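Listed here are the chains, written in short residue letters.
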Amino acid sequence: VGEWIPFGSNQIVALNERLGAMDRCQGGLFTSKIDKDPTATQFKVPTGLTQVQILDYDLIGCINFEAEINYPEAEGIVQ
């Protein structure tokens, strides 16, 4: 888990675009895997996605979101 705090309006705009803040269906599931066949109909990833929910944003000023990191746990542990 890491944190990155962008500085400058260009970085805020890029973050808003990458997280889908301006899309009709905001947020989504994110992974660090790169799709090596983007025209295929399937993309298999190992367990461990991050779910992002956009709460509020200003295009060049800020973004407020919640992220839930889902990864496999040992038997008996509930996230």
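Look up a bit, the structure's there.
Asker: How do you make sense of the pairing of strand β3 (residues 62–69) when you look at a structure like this?
Answerer: Regular strands have side chains that alternate between both faces of the sheet. The sheet contact formed by strand β2 (residues 50–58) and β3 spans eight bridges and is antiparallel. Of the residues in β3, the one forming a bridge with Gln53 is Glu66. Between the antiparallel neighbours β2 and β3 lie three residues.

Asker: Explanation requested: the sheet that holds β3 in the structure shown.
Answerer: The strands that make up a sheet are held in pairs by hydrogen bonds between backbone atoms, and each pair lies either parallel or antiparallel. Read from one edge to the other, the open sheet built from three strands follows the order β1-β2-β3, with strand pairing classed as antiparallel. Edge positions in the sheet fall to β1 (28–30) and β3, since each of these pairs with one other strand and no more. Within this sheet the neighbouring strands show an average axis-to-axis angle of 35°, counted without direction. The pairing of β1 with β2 spans three bridges and is classified as antiparallel. The residue of β2 that forms the bridge with Phe30 is Thr50. Across the sheet, helix α1 (residues 9–19) lies against β1, β2 and β3, angled at about 45° from β3, the strand it touches most.

Definitions and limits used
The numbering scheme is per chain: residues are counted from 1 as the chain's sequence reads. For this predicted model, a pLDDT threshold of at least 70 governs which residues receive local features, and a threshold of 80 or more governs which side-chain atom pairs are given and counted, while totals over whole chains, interfaces and linings are taken from all residues. With hydrogens and water stripped out, all remaining heavy atoms of the structure feed into the side-chain values. Two strands pair if DSSP finds at least two bridges between them. Helix numbering and strand numbering both begin at the N terminus, where a helix is a DSSP run of H or I of at least 4 residues and a strand a DSSP run of E of at least 2. Geometry is summarised by axes, namely lines fitted to C-alpha atoms with helices restricted to the contacting stretch, and by angles between N-to-C directions that run from 0 to 180 degrees. Only heavy atoms matter for contacts: two residues are in contact if any of them lie within 4.5 Å across the pair.

Note that every value here comes from positions in space, so none of it alone points to a role or purpose.
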